[in-house]
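Structural overview
In case you want the letters, here they are:
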Amino acid sequence: MNGHGRSGGRPTLEEVAARAGVGRGTASRVINGSSKVSEHTRVAVEAAVAELGYVPNRAARALAANRTDAIALVIPEPEARFFAEPYFSEVVRGVGAALAETDVQLVLTLAGSDRERRRLAQYLSGHRVDGVLLVSVHAGDPLPELLAELGIPTVISGRRSAAETLPSVDSDNLAGAADAVRHLVERGRTAIATITGPPDVYGAQCRLVGYRQALAAAGHPADELLVAVGDFTEDGGRRAMRELLERRPALDAVFAASDVMAAGARRELRAAGRRIPQDVALVGFDDSVVARHMDPPLTSVRQPIEEMGRTMARVLLERIAAGPERGDGAGGAAVVLPNRLVVRESS
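These remarks concern the structure in this document.

Rules of the game
Residues numbered from 1 in each chain as written. Predicted model: local features only at pLDDT ≥ 70, side-chain atom pairs only at ≥ 80, totals over all residues. Heavy atoms only, no water. Salt bridge = Lys/Arg side-chain N within 4 Å of Asp/Glu carboxyl O. Helix = DSSP H or I, 4+ residues; strand = E, 2+ residues; numbered from the N terminus. Axes fitted to C-alpha atoms, helices over the stretch in contact; angles between N-to-C directions. Parallel < 35°, antiparallel > 145°, perpendicular 65-115°, else oblique. Left-handed = near helix turned anticlockwise from the far one by under 90°. Contact = heavy atoms within 4.5 Å. Nonpolar A, V, L, I, M, F, W, Y, C, P; charged D, E, K, R; others polar. Pairing = 2+ DSSP bridges. Buried < 20%, exposed > 50% of the residue type's maximum accessible area, 1.4 Å probe, protein only.

**Some words on the pattern of salt bridges**
A complete count under the given rule lists 22 salt bridges for this structure. We note a salt bridge from Glu 51 to Arg 19, for which the minimum N-O separation is 2.4 Å. Remark: Arg 19 occurs in helix α1 (residues 13–20) and Glu 51 occurs in helix α3 (residues 39–52); sequence separation between them is 32 residues. Arg 248 serves as the salt-bridge partner of Asp 223, at 2.8 Å between the closest nitrogen and oxygen.

So, in structure tokens, the structure goes:
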């Protein structure tokens, strides 16, 4: 069998890993000369390489030398949300700006379904890119662990938790939400509701914490009936607003955790005969094109989204340049960029 793998052709890295009893990423690290493996593991992998007659293919050698000159921007969301949410186009613009002066090609991939994730995993396992930018990751998503196993340098936009192990770029979600609520308190609003983002998104959790902390600091009693769960979509914002009006008809302000949800809330408030801002003040988050084109124009927390995209790309390129010793491990630092409240007529 020497010189041939189980596939009948040239032996693969997967077959080397299986023969050595290690993961694919570990086998790759040994072959690429990483010191982050035990002596026992190194010997086992080298023995498997010799037994199978494994020769790294051109793509794998190019990855080791950082020569594929391509990175993937992976968005694990359905296509409909990608095109409906301005956040994503601004991230793409920022990443593109950072790559404009380089020879690096950007590969944009949507992976909103299990089938798309499987196809993406197959694509990435071929080491066709030098690194991955991962945007809008929900808790429990298997993609970050897959990328770590493959040894592909990764930077994530929006931490999955306070204990995020991947290098990340984020905005200060908690402080931004607190600023929005303080603004509503200063405008004399007393029954301030919130429409949250998905509970499995850490940034949405932070915005809810900021909302609660600002109300507590202002001496407003906690009222969970003023909290409705949304999903960052316009329909989700509308449904949540309907719930809030049923529970607390006397509410006089709403902080929506995204501009798109605020647009849905506005439609529902109008349908219920509530004037904005006379009856109900409304504040969003992102300060996207949606905020500027609403009627009345929406007060919103401005995230530096394009700058976040640029920063993600820069951090990833630095990790790729650092090589396998730095580029494929975890434990990268978190970059947190400040937000700014932009006040308009809705509040």
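**Re the packing of α1 against α3**
Where α1 contacts α3, the axes come no closer than 8 Å and their chain directions differ by 125°. Put simply, α1 runs oblique to α3. The way α1 lies across α3 gives a crossing that is right-handed. Across the interface between the two elements, Glu 15, Val 16, Arg 19 and Ala 20 of α1 pack against Ala 44, Val 45, Ala 48, Val 49, Glu 51 and Leu 52 of α3. Partitioning the contact of α1 with α3 into residue classes produces 7 nonpolar, no polar and 3 charged.

**Quick word on the sheet that holds strand β8 (residues 253–256)**
Within the open sheet, the 6 strands sit side by side as β7-β6-β8-β9-β10-β12. Their pairing is mixed. At either end of the open sheet lies a strand with only one pairing partner, and these are β7 (227–229) and β12 (340–342). Going across the sheet, the axis of each strand differs from the next one's by a mean of 20°, ignoring polarity. As paired strands, strand β9 (residues 281–286) and strand β10 (residues 299–302) are joined by 4 bridges and run parallel to one another. From the neighbouring strand, Gly 284 faces β10, where its bridge partner is Ser 300. Of the strands in this sheet, β6 (192–196), β7, β8 and β9 are in contact with helix α10 (residues 202–217), which crosses β6 at around 170°.

**Considerations on the pairing of strand β5 (residues 168–171)**
Neither face of β5 is open: one carries Ser 168 and Asp 170, the other Val 169 and Ser 171, and all of them are buried. Bridging between strand β4 (residues 154–157) and β5 involves 2 bridges; their strand directions are parallel. Counterpart to Ile 156 in the pairing with β5 is Ser 168. Alignment of β5 against strand β11 (residues 334–337), held across 4 bridges, turns out to be parallel. Note that in β11 the partner of Ser 171 across the bridge is Leu 337.

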